[in-house]
Amino acid sequence: MSQSQAHDESNSNPLDPNWRNDALDLDLDYGMQTIAVRAGQHRTDEGEHAEPIFTTSSYVYTSASDAAAHFNGTKTGNVYSRHTNPSVRTFERRLAALENGERAVATASGMGAILTMCLAYLKAGDHLLAANQLFGSSIGLFNNYMAKFGIEVSYVDCFDNDAWASAIRPNTKVIYCESPSNPLAQICDIGYLSQLCKANDVLLVVDNCFATPALQRPLDLGADVVIHSATKYLDGQGRVLGGALVGSDKLMQAAFTVVRSGGISMSPFNAWVFTKGLETLKLRMQAHCANANQVAEFLVNHPNVSKVHFSGLLDHPSHELTKRQHHMKNGYGAIMGFEVKASAANNHVNDRDTKEAAWHVIDSTQMVSITNNLGDAKTTVTHPATTTHFRLTPEARAEAGVKDGLIRLSVGLEDVEDIIKDLARGLDSL
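Residues numbered from 1 in each chain as written. Predicted model: local features only at pLDDT ≥ 70, side-chain atom pairs only at ≥ 80, totals over all residues. Heavy atoms only, no water.

Counting its regular elements, the chain contains 16 helices and twelve strands. For the chain, the C-alpha atoms occupy an extent of roughly 85 × 50 × 35 Å along the three principal directions. Contacts in the chain between residues far apart in sequence, at least 24 positions, make up 73% of those at least 6 positions apart. In the chain, 36 side chains carry a positive charge and 47 a negative one; their mean positions are 2 Å apart. (Helix = DSSP H or I, 4+ residues; strand = E, 2+ residues; numbered from the N terminus. Contact = heavy atoms within 4.5 Å. Lys, Arg positive; Asp, Glu negative; His and termini not counted. Charge placed at Lys NZ, Arg CZ, Asp CG, Glu CD.)

This is the structure we're talking about:
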């Protein structure tokens, strides 16, 4: 490898001023909503007010020597949109500001962000310690691909602090968790995990997809890296795919190198959609949470619901922890799982097993969308055991708490009375 290639791989030179001069000076300590609306944009010489979409694959240089300087790293600027793009950069800077991170790196999808994390921070012989309670595709990635390349993977219950501590090995390099988790919305003690990781020289990576920075900032709680499926609440309307990592400049440089070399890049159009989505993130999350709190109360009091997994309920074991970690008052997120009873509530239906009961509730909805996506303005519902987690073995599903009677609900922004009526159609007729 030549010296210029080695320098390009590190890409450690400082960014040019035009990559740092925002339309909003973050040193002036603006509030979250102001940051969500204005941070990250660098206006061009055209003086545009709204953020433009830079739909270009490549960039033009003033001379051959100017091109060479960009490629060998002595001059920082756009080289190719697989590496950098102004629209993507605006989204990255705005998200980093919202998460109180130094830098963000955007990816083509949420799973692309998790893959980037693995490739950036793990190598053959390392150990990845993860929570049992994860999105099914994450477990598939870890078990089927990371293990294939010599990375050891093991799992513990996300809420069992003693289990986390006992599972640390000399070669543990990353602890990975979702908080809240998919699909049971379980909560990890991020502060405890941060102390555990620092004591053992381990990176703490937290998926903040369900809470978003509107409710929780894991970096402020001691995490090293935050992961997002931007597809969910950061967009908020189910339009495009994307992901992101947020953390220190050093850690994000390692992630950026993976994205650049592996082509796990976000498209400029998708980045623009996410940037506009961030403008209303806090307002949307307030409304999502308000609706979810009411839906959870309805479900917990319904005779055909055996259990509701939602930390906003006063008797939930993680209620107080969530209140400490989520900075929005009464903001517990809008994802919940609820389990329906197998036995019939009347004489018209007999011997219905829990999967059939769950499917009956889902199929009885007239407004709610039956889809595996979440974080949408529209309320969505799915049966995890046969959709998002169906590739897991029955034993793995049991460890993750994904029972046949479990329904995952993503509470949207419709009138809450209409959401409740739609769920009641199936629940009342069991």
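Still to come is the rest of the account.
Read from one edge of the open sheet, seven strands run E1-E7-E6-E5-E4-E2-E3, paired in mixed fashion. In the strand order of this sheet, the two ends are held by strand E1 (103-107) and strand E3 (152-156), each with one partner. Across this sheet, the average inter-strand angle for adjacent strands is 20°, counted without regard to direction. Alignment of strand E2 (residues 127-131) against E3, held across five bridges, turns out to be parallel. (Pairing = 2+ DSSP bridges. Axes fitted to C-alpha atoms, helices over the stretch in contact; angles between N-to-C directions.)

A few words now on the packing of aromatic side chains. Enumeration according to the criterion identifies five aromatic pairs in this entry. On the numbers, 6.4 Å between centres and 70° between planes, the contact of Tyr61 with Phe71 is edge-to-face. Taken together, the residues Tyr61 in the loop between helix H2 (32-38) and helix H3 (64-72) and Phe71 in helix H3 connect sequence positions ten residues apart. Pairing Phe142 with Tyr176 gives two aromatic rings, centres 5.5 Å apart and planes at 85°, and the pair type is edge-to-face. Separated by 34 residues along the polypeptide, Phe142 in helix H6 (residues 136-146) and Tyr176 in strand E4 (residues 172-178) bring together distant segments of the chain. Each member of the pair Phe142 and Tyr176 is classed as buried. It is Lys355 that lies over the ring of Trp359; its NZ or CZ is 4.5 Å from the centre. (Phe/Tyr/Trp six-rings, centres within 6.5 Å; stacked < 30°, edge-to-face > 60°. Buried < 20%, exposed > 50% of the residue type's maximum accessible area, 1.4 Å probe, protein only. Lys NZ or Arg CZ within 6 Å of the ring centre and 35° of its normal.)

Remark: helix H4 (residues 86-98) packs on helix H11 (residues 268-278), axes separated minimally by 8 Å, with the N-to-C direction vectors making an angle of 35°. The two elements H4 and H11 meet at a crossing, and its hand is left-handed. Packed against H4, whose contacting residues are Ser87, Val88, Thr90, Phe91, Arg94, Leu95 and Leu98, the element H11 presents Pro268, Ala271, Phe274, Thr275 and Leu278 at the interface. Grouping the constituent residues of the contact of H4 with H11 by class yields eight nonpolar, three polar and one charged. (Left-handed = near helix turned anticlockwise from the far one by under 90°. Nonpolar A, V, L, I, M, F, W, Y, C, P; charged D, E, K, R; others polar.)

Once that is clear, we can look at the sheet that holds strand E10 (residues 369-370). Read across the sheet, five strands follow the order E8-E9-E12-E11-E10 without closing on themselves; strand pairing throughout is mixed. Looking at which strands have only one partner, the edges of the open sheet turn out to be strand E8 (305-309) and E10. Alignment of E8 against strand E9 (residues 335-340), held across four bridges, turns out to be antiparallel. Bridge pairing in E9 places Val305 opposite Val340. Against the sheet, helix H12 (residues 281-300) makes contact with E8, E9 and strand E12 (406-410), and its axis sits at roughly 10° relative to E9, the strand it touches most. On top of the sheet, helix H14 (residues 354-363) reaches E9, E10, strand E11 (380-382) and E12; it is set at about 125° to E9, its chief contact.

A few words on the pairing of E1. Judged by how many residues are buried, E1 sits mostly within the fold: four of five residues are covered. Two strands pair when backbone bridges link them, and E1 and strand E7 (residues 243-247) are joined in this way by five bridges, in the antiparallel orientation. Among the inter-strand pairings, Val105 is bridged to a residue of E7, identified as Leu245.

Moving on: helix H8 (residues 190-200). Inspection of H8 places Ile190, Leu193, Ser194, Leu196 and Cys197 among the buried residues, and these make up the whole buried set. Down the axis of H8, the sector holding all buried residues measures 165°, keeping them to one side. Along H8, exposed side chains directed more than 90 degrees from the buried face belong to Gln195, Lys198 and Ala199. Of the surrounding elements, those touching the buried residues of H8 are helix H7 (161-167), E4, strand E5 (203-207) and helix H13 (319-325). Looking at the residues trailing H8, positive phi occurs at Asp201, about 55°. (Arc of directions from axis to C-beta.)

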